[in-house]
Amino acid sequence: MLKKIPSHRMNIIKKFMDSGLKQELMMIPSGQFALLRSKKSPKASLECIYNDATLSIRQVGKYAYELVVRKIADDTEVSNGDGSEEYSDDSVSVLSVQSKKKDDEWTFALSEMIGFHKKWNKQGDMAFVWNNTVGDEEDENVQFVVTPDISLHDVDQFLQTIHRCEYEAKYKESSSNATNEDLEKIAAKSVLMSIDDS
């Protein structure tokens, strides 16, 4: 399974060592989660879903992982008082509304097919971007903008773990067998599979 990373190098990442299923392996504790719609969409191109959220990698089975975005409790979303939320007409898709209301988290099956990669957005912030595989619009991405106090080294450690999980999901074997070349191929395929979000 995944190689352990020395704790002194993982200061911003939680690591759970329990042996049961659905355990979170790593977490980036703070960032902003948003939808990135294609230019063809009649809706707003950028929609903030959670102003403050966590991003984690969860193991859900042998060689099976998912990416989890979870809202932090005091997010500034408007509620109408009856448990439902109010949105402008063009702010969010039907599936997105359902996702918001369900446990305040979004989950994505982790494989190289989701096109997970890092980039600097137009505002100059470090962000993870990937294909919205649970959305109801074509050519839609999501992004997690990492807060500035999280180091690039920690971001790279998270990304490396993503690629190791994608390797295991693809080959159904431990990533301890993967060479640097194998992981570079996984990373390159992820970029290739990403939707153009420029």
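So, a few notes on the structure that sits alongside this text.

Calculation notes
- Residues numbered from 1 in each chain as written.
- Predicted model: local features only at pLDDT ≥ 70, side-chain atom pairs only at ≥ 80, totals over all residues.
- Heavy atoms only, no water.
- Phe/Tyr/Trp six-rings, centres within 6.5 Å; stacked < 30°, edge-to-face > 60°.
- Salt bridge = Lys/Arg side-chain N within 4 Å of Asp/Glu carboxyl O.
- Helix = DSSP H or I, 4+ residues; strand = E, 2+ residues; numbered from the N terminus.
- Core = buried A, V, L, I, M, F, W, Y, C linked by side-chain atoms within 4.5 Å.
- Buried < 20%, exposed > 50% of the residue type's maximum accessible area, 1.4 Å probe, protein only.
- Contact = heavy atoms within 4.5 Å.
- Pairing = 2+ DSSP bridges.
- Axes fitted to C-alpha atoms, helices over the stretch in contact; angles between N-to-C directions.
- Parallel < 35°, antiparallel > 145°, perpendicular 65-115°, else oblique.
- Nonpolar A, V, L, I, M, F, W, Y, C, P; charged D, E, K, R; others polar.

Brief notes about the packing of aromatic side chains
Here is step 1: For the structure shown, the criterion picks out 9 aromatic pairs.
Here is step 2: Considering the side-chain rings of Trp106 and Phe108, the 6.3 Å spacing of their centres and the 40 degrees angle between planes classify their relative orientation as tilted.
Here is step 3: Among the aromatic side chains, those forming a connected cluster through ring pairs are Phe33, Tyr50, Trp106, Phe108, Phe116, Phe128, Trp130 and Phe158.

A few points about the pattern of salt bridges
Here is step 1: Evaluated as defined, the whole model comprises 12 salt bridges.
Here is step 2: Linking Arg70 and Glu24 is a salt bridge whose minimum nitrogen-to-oxygen distance equals 2.8 Å. With a gap of 46 residues between them, Arg70 in strand β3 (residues 64-71) and Glu24 in strand β1 (residues 23-36) connect regions that are remote in the sequence.
Here is step 3: Across the pair Asp104 and Lys71 runs a salt bridge, and its minimum N-O distance is 3.6 Å. Here the residue Asp104 occupies a position in the loop between α1 (94-101) and β4 (105-109), and Lys71 occupies one in strand β3, the gap between them amounting to 33 residues.

Topic: the nonpolar core
Here is step 1: Among the nonpolar cores identified, the biggest contains 30 residues, and Phe33, Phe128 and Trp130 are the most heavily contacted of them.
Here is step 2: If you list the elements that add at least two residues to this core, you get β1, β2 (46-61), β3, β4, β6 (126-131), β7 (141-146) and α2 (152-171).
Here is step 3: Residues in contact with Trp130, not counting those within four places in the same chain, are Phe33, Leu55, Leu67, Val69, Phe108, Ile114, Gly115, Phe116, Asn141, Val142 and Phe144.

Describing the pairing of β1
Here is step 1: A large share of β1 lies buried, amounting to 12 of its 14 residues.
Here is step 2: Pairing between β1 and β7: 6 bridges, direction antiparallel. Residue Leu36 lies in a different strand from β7, and its bridge partner there is Asn141.

Brief notes about the packing of α2 against helix α3 (residues 180-193)
Here is step 1: Running from N to C, α2 and α3 point in directions that differ by 95 degrees, and their axes come no closer than 9 Å. Taken together, α2 and α3 sit at an angle that is classed as roughly perpendicular. The segment α2 lies against α3, with His163, Arg164, Glu166, Tyr167, Lys170 and Tyr171 engaging Asp182, Leu183, Ile186, Ala187 and Ser190.
Here is step 2: When the residues that make up the contact of α2 with α3 are grouped by side-chain class, the tally is 5 nonpolar, 2 polar and 4 charged.

Examining the sheet that holds β7
Here is step 1: On the basis of which strands lie adjacent, the open sheet formed by 7 strands has the order β4-β3-β2-β1-β7-β6-β5 and antiparallel pairing. Of all strands in the sheet, those bounded by a partner on one side alone are β4 and β5 (117-120). When the angles between neighbouring strand axes are averaged without regard to direction, this sheet yields 35 degrees.

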